[in-house]
Amino acid sequence: MNDTTAGTAVADGVYRCGSDRVNWYLIDADDGLVVVDTGFPSHWNQLLELLESLEYDVTDVDACLLTHAHPDHAGFADRLRTEADVPVWLHEADAEHARGEGDLAVAQAVARLWRPELFRYFLEFARSGGFSVPPLTTFRSIDGRETLDVPGSPRVIHVPGHTEGHVAFYFPDHEVLVCGDEIVTVDFVAGRGHRPQLLAAWFNADHEQADDSLARLEPIGEVLLLPGHGDPWRGRTETAVDLARRRE
Ligand SMILES: [Zn+2]
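Since the structure is predicted, the reported quantities are computational estimates derived from the model, not experimental observations. (Residues numbered from 1 in each chain as written. Predicted model: local features only at pLDDT ≥ 70, side-chain atom pairs only at ≥ 80, totals over all residues. Heavy atoms only, no water.)

K.L.:
Looking at this model, I keep getting lost on the coordination of the zinc ion. Mind explaining?
P.N.:
Octahedral metals with six donors have ideal donor angles of 90 or 180 degrees. Tetrahedral metals with four donors have an ideal donor angle of 109.5 degrees. Within the protein, the atoms that donate to the zinc ion are His-68 (NE2), His-70 (ND1), His-162 (NE2) and Asp-181 (OD), at distances of 2.1 to 2.4 Å. Bound by four donor atoms, the zinc ion shows angles of 87 to 171° at the metal and therefore irregular coordination geometry. Written as a sequence motif, the donor arrangement for the zinc ion is H-x1-H-x91-H-x18-D. Placement of the pair is His-70 in the loop between β5 (61–65) and α2 (77–84) and His-162 in the loop between β8 (155–158) and β9 (167–171), with a sequence separation of 92 residues. This pair shows no difference in class: His-70 is buried, exactly as His-162 is. (Donors = N, O, S within 2.8 Å, 3.2 Å for Na, K, Ca; no water. Tetrahedral: all angles 85-135°; square planar, octahedral: opposite > 155°, others 65-115°. Helix = DSSP H or I, 4+ residues; strand = E, 2+ residues; numbered from the N terminus. Buried < 20%, exposed > 50% of the residue type's maximum accessible area, 1.4 Å probe, protein only.)

K.L.:
I tried to follow the pattern of salt bridges on my own but got confused; where do I start?
P.N.:
Pairing is possible between side chains of opposite charge, provided their charged atoms come close. Taken as a whole, this structure holds nine salt bridges when the rule is applied. Between Asp-231 and Arg-16 there is a salt bridge; the shortest N-O distance is 3.0 Å. One end of the pair, Asp-231, is in the loop between β11 (222–227) and β12 (233–236); the other, Arg-16, is in strand β2 (residues 14–18), and 215 residues separate them in sequence. Note on Arg-16: relative accessible area 10%, which makes it buried. A salt bridge links Arg-236 to Glu-238; the nearest nitrogen and oxygen atoms lie 3.1 Å apart. (Salt bridge = Lys/Arg side-chain N within 4 Å of Asp/Glu carboxyl O.)

K.L.:
Sorry, what's going on with α2 here?
P.N.:
What sets the pattern is the α-helix's 3.6 residues per turn: residues three or four places apart point alike. For α2, the full list of buried residues reads Ala-77, Asp-78, Leu-80 and Ala-84. For α2, the elements touching its buried residues are β4 (32–36), α1 (44–53), β5 and β6 (88–91). (Contact = heavy atoms within 4.5 Å.)

K.L.:
Got a minute to help me understand the state of the cysteines in this structure?
P.N.:
Should the sulfur atoms of two cysteines be covalently bonded, the bond is a disulfide. Tallied over the entire structure, the rule returns zero disulfides. Unpaired in this structure, Cys-64 has its nearest cysteine sulfur neighbour in Cys-17, at a distance of 12 Å. Take Cys-64: its relative accessible area is 0%, and that puts it in the buried class. For Cys-179, which is in no disulfide, the shortest distance to another cysteine sulfur is to Cys-17 and amounts to 16 Å. (Disulfide = S-S within 2.5 Å.)

K.L.:
Looking at this structure, I do not really get the sheet that holds β12. What am I missing?
P.N.:
Strand pairing within a sheet occurs via backbone hydrogen bonds; the two strands may be parallel or antiparallel. Here we have five strands laid out as an open sheet, ordered β8-β9-β10-β11-β12, and mixed in their pairing. Either end of the sheet is taken by a strand with one partner, and the two such strands are β8 and β12. Strand-to-strand twist of the sheet, defined as the mean angle between neighbouring strand axes without regard to direction, takes the value 30°. In terms of strand pairing, β8 meets β9 through four bridges, oriented antiparallel. Across the sheet, residue His-158 finds its bridge partner in β9, namely Val-167. Sheet strands in contact with helix α7 (residues 237–246) are β10 (176–180), β11 and β12, and its direction is about 105° off that of β12. (Pairing = 2+ DSSP bridges. Axes fitted to C-alpha atoms, helices over the stretch in contact; angles between N-to-C directions.)

K.L.:
In this structure, what is going on with helix α5 (residues 116–127)? I would like to understand it.
P.N.:
With 12 residues, α5 should cover 16 Å at 1.5 Å per step; its first-to-last C-alpha distance of 17 Å lies within 8% of that length. Here α5 has its buried residues at Leu-118, Tyr-121, Glu-124 and Phe-125. The buried residues of α5 occupy an angular sector of 120° when the element is viewed end-on, so they sit on one face. The exposed set on the far side of α5, more than 90 degrees from its buried face, consists of Pro-116 and Arg-127. (Expected span 1.5 Å × (residues − 1). Arc of directions from axis to C-beta.)

What follows is the structure in structure tokens.
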């Protein structure tokens, strides 16, 4: 998959989009369309192509939800808001990142660029506009645990650690859990294998807190886990959490 490929259906009405290294999702629910995370700015055309292939227009999108406001998740969020009048939902605690003012662990990443996988990601980050994501200053605030009044009625699970305002979204009708960077299924630092895991500690603002937050995902049950990075994974959330905890 690359920037020019429209999304891949991973479940009925659920499309995985982005690139080999970065995921975002379109949920075509019975009651409307939701974009969850928005990749890099360069992924905008992919959204338009996917919508066209499904015979929708960008103005048909009802809501945009962000798991957190890092540049590889918030890429075209503000464009969607300004050009198509789509409300963007984000946890208030990520407002600083949304403005482009948060710490991004860039120095820690640069120190590890000798790792080939990370180097490739860094190149993609730069080429895809990761360093020039327009600030998002207007959004609807998600606070803690609630069911959002948007298509698919996703339940919000606050899982701080990767960022303070990081949330996961559980869509009960689709049985999908979009978990952002709380659990990923690829190790793009060391390339060590593809299964549920936490990101490397230095990627997380508070790694211990990210580890603690796993417990909030444990009781959800059988899901298709859709991470910010890596392939979808199907199984019980307690198994995913168990795998993530063991991979330290
Ligand atoms: Zn992130």
